[in-house]
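In case you want the letters, here they are:
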Amino acid sequence: MISRILLATLITCSFAARLAASPEEAQKRLKTAVNEVLAVADRVANRANMAESLRPTLQKHISFETMTRRAVGLGWKTFTPAQQKQAIQLFSTLIIRSYSSKFTPGEYPVINYQKAQTPATGRVDVPTSMVYKGSRYSVTYRMEQESGWRIADVVIEGVSLVANYRSQLDAQYKKGGAEAVLGSLAQSVSRPQ
Amino acid sequence: MKIIVLRLMLSGAVALAAACSTTRSPKVVADSKPEAAESGATKAAPEAQAGTDELDDYAEPSVSDPLESFNRVMFKTNDCLYLVIFRPISKGYELAFPKPVRKGIDNAFENVKYPVRFVNCALQGKFKRAGQETGKFLVNTLGGVGGIFRVSDKVPDLANIPAEDLGQTLAKWGVGHGPFIVLPLFGPSSARETVGLAGDYALNPVNWGLFFRGGGGDLAKDWTMIPPSANTLRSLPEQLEIYDAATKDAVDPYISARSAFIQNRAEATRK
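Worth saying up front: this structure is predicted, and the values here are computed from it rather than measured.

(A) Geometry of the overall build of chain A. Within chain A, the secondary structure is distributed over 6 helices and 6 strands. In chain A, the succession of α and β elements from N to C terminus is α-α-α-α-α-β-β-β-β-β-β-α. Per-residue burial over chain A gives 49% buried out of 193 residues. Taking the contacts inside chain A whose residues are at least 6 apart along the sequence as the reference set, 52% of them involve residues at least 24 apart. About 9500 Å² of surface is accessible on chain A, with carbon and sulfur atoms providing 59% of the total.

Below, the structure written as structure tokens:
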């Protein structure tokens, strides 16, 4: 009897684990994230407060640590833990600010989610077609599983956010290592909008 | 000029150019100009090891940029020109014409560009897509009051056709980017895309008046400037928005625009 219960539990756990790792689950998670972000953005009366209002929601659904690591690239291993923490903090501030500036109160995107793809284990790409402010965009969300599905990159019209910063930070790293990367990020963050 | 802005949009500026293999290679950055040799190299970076590490997932595709010094100067010059000349013009246009009117104008100009899309579909052997483009043109011209209303969006088969251009055609034929170059006013480009730009310009009916302005007085010749000038004007707001998207929060706006341009053109060719 006990062995049957154990077996049933194992099967249930295995099924649940597979479901959690499925592309459908990643897509569901993405839809939740997008809806939450739009709901928060819709409540923000003053556009100047948009970035700070969206920050908690974005930090919940976007893996800024993964993004920063990949944007820095191979040089990441030479960063001290304190430098890594600072880089993540600066990079996330930059991305949140950039992302938040795209929202115009009263404008709502129409998003058509297409079939999710699995380029590698633990990774799911969700292509979407988005119509925003009268223009159509192709946007792919790259999701990764790390304590739940989280957004690890956004590709707009073929332009990967992470790859774009990677090309810039790579050049900085070659100039002066971690300090140059941190300096350039700090400079960008402090630039007036 | 209109084309300038268009390319800039996704690239952050506009373009033509270099042997840009889309192969991801960790050597790429080392191949492009040695920035460390330039000013600002305060401290040598520790050697980062290339390999199959996931950190290497986003190594930049190879970009040939032998003209980087010139390109950076041109990039700055363009940025100033956008700020001083084109942004005020764009703002004025946006103030003068409400958004629905601007949308209709954009639709009409894009509709007229049908020969660019049709010819390049055909040159790439995409005959089904060429047929769809023809259908879209007819539907919008006849049902959308000369293309002012994009009624084709309501027809699923015609709603989202990737626009073909000569740069993509050349890429399909195996022509590499060649060197990356920042064109005056037009912005980021490459040798290949510059040729494409010129070809598309010639195929666009709004520019045809410039090629056939033979006889007639000066007044008749002046009229030929109106369609291309209007085309440039109407595309300014969107192009500047794209340029800003690629450069505003960048660590290095020049590299950001270059990367966005190369990535975007690779994606356009894949579609």
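(B) Region of interest: the overall build of chain B. When helices and strands are tallied, chain B shows 12 helices and 2 strands. Within chain B, buried positions represent 47% of all 271 residues. Excluding contacts between residues fewer than 6 apart, the proportion of contacts in chain B whose partners are at least 24 apart in sequence is 77%. Roughly 12500 Å² of accessible area belongs to chain B as shown, and the carbon and sulfur atoms make up 67% of that amount.

(C) Structural view of empty space enclosed by the protein. All names here are of chain A. Summed over the entire model, instances satisfying the criterion amount to 3 cavities of 30 Å³ or more. Put simply, the largest cavity is a space of about 80 Å³. The element contributing the most residues to the lining of the largest cavity is helix H2 (residues 23-43), with 3 residues. Split into classes, the residues belonging to the lining of the largest cavity amount to 7 nonpolar, 2 polar and 2 charged.

(D) Main features of the confidence of the model for chain A. When pLDDT is averaged along chain A, the result is 86; 89% of the residues meet or exceed 70. Note that residues 13-19 of chain A has pLDDT below 50 and, in this model, 1 contact with residues that lie over four places away or in other chains.

(E) Representation of the nonpolar core. Counting residues in each nonpolar core, the largest one holds 48 residues, and the members touching the most others are A:Leu30, A:Leu54, A:Phe79, A:Tyr141, A:Met143 and A:Leu185. Among the elements of the structure, H2, helix H3 (50-61), helix H4 (64-72), helix H5 (81-100), strand S3 (123-132), strand S4 (135-145), strand S5 (149-156) and helix H6 (161-190) of chain A are those that each provide at least two residues to this core. Among the elements that line this core, the one with the most residues is H6(A), at 9 residues. With residues up to four places along the chain from it excluded, the contact list for A:Leu54 reads A:Val37, A:Val40, A:Ala41, A:Ser100 and A:Phe103. Grouped together as the second largest cluster of nonpolar side chains are 16 residues, B:Phe180, B:Val182, B:Leu236 and B:Tyr243 included.

(F) Structural context of a nonpolar patch on the surface. All names here are of chain B. Taken together, the side chains of Leu83, Val84, Ile85 and Ile89 make up a nonpolar region of the molecular surface, amounting to roughly 370 Å² of accessible area. Here isoleucine 89 is to be found in helix H3 (residues 68-96). Isoleucine 89 gets classed as partly exposed once you look at its relative accessible area, which sits at 38%.

(G) Inspection of the pairing of strand S2 (residues 187-190) of chain B at higher detail. Residue and element names in this part refer to chain B. Where strand S1 (residues 180-183) lies against S2, 4 bridges are found, and the strand directions are antiparallel. When the bridges of S2 are listed, valine 182 appears paired with proline 188. Counted between consecutive antiparallel strands, the loop separating S1 from S2 contains 3 residues, among which leucine 185 sits at a positive phi close to 65 degrees.

(H) Representation of the pattern of salt bridges. All names here are of chain A. Inspection of every chain in the model, using the stated rule, returns 28 salt bridges over all chains. Two residues, glutamate 36 and lysine 60, come together in a salt bridge whose shortest N-O distance is 3.0 Å. Of this pair, glutamate 36 sits in helix H2 while lysine 60 sits in helix H3, and the two are 24 residues apart along the sequence. Looking at glutamate 36, the relative accessible area reads 27%, which means it is partly exposed.

(I) Representation of the environment of A:Trp149. Residues and elements named next belong to chain A. Relative to the helices and strands, tryptophan 149 resides in strand S5. On the accessibility criterion, tryptophan 149 (4% relative accessible area) is buried. Separated by 41 residues in the primary sequence, tryptophan 149 and serine 190 have C-alpha atoms spaced 31 Å apart.

(J) Fine view of helix H4 (residues 99-112) of chain B. Taking 1.5 Å per residue as the helical rise, H4(B) with its 14 residues ought to reach 20 Å, and the 20 Å between its terminal C-alpha atoms agrees with that figure. Buried residues along H4(B) sit against H3, helix H5 (114-123), helix H6 (127-143) and helix H11 (226-247) of chain B.

(K) The packing of aromatic side chains, seen in detail. Within this structure, the stated rule accounts for 12 aromatic pairs over all chains. In this structure an aromatic cluster arises from ring pairing among B:Phe75, B:Tyr82, B:Phe86, B:Phe180, B:Tyr243, B:Tyr254 and B:Phe261.

Criteria and cut-off values
Residues numbered from 1 in each chain as written. Chains lettered and ligands numbered in written order. Predicted model: local features only at pLDDT ≥ 70, side-chain atom pairs only at ≥ 80, totals over all residues. Heavy atoms only, no water. Helix = DSSP H or I, 4+ residues; strand = E, 2+ residues; numbered from the N terminus. Buried < 20%, exposed > 50% of the residue type's maximum accessible area, 1.4 Å probe, protein only. Contact = heavy atoms within 4.5 Å. Areas by Shrake-Rupley, 256 points an atom, 1.4 Å probe, with all protein chains shown as cover. 1 Å grid on protein atoms, 1.4 Å probe; cavity = no way out; pocket = protein on both sides within 12 Å on 5 of 7 lines; lining within 4 Å. Points joined across faces, edges and corners; volume = space filled by probe spheres on them. Nonpolar A, V, L, I, M, F, W, Y, C, P; charged D, E, K, R; others polar. pLDDT = per-residue confidence, 0-100. Core = buried A, V, L, I, M, F, W, Y, C linked by side-chain atoms within 4.5 Å. Patch = residues over 30% accessible without salt bridge, like charges linked within 9 Å, V, L, I, M, F, W, Y side chains within 5 Å. Salt bridge = Lys/Arg side-chain N within 4 Å of Asp/Glu carboxyl O. Pairing = 2+ DSSP bridges. Expected span 1.5 Å × (residues − 1). Phe/Tyr/Trp six-rings, centres within 6.5 Å; stacked < 30°, edge-to-face > 60°.

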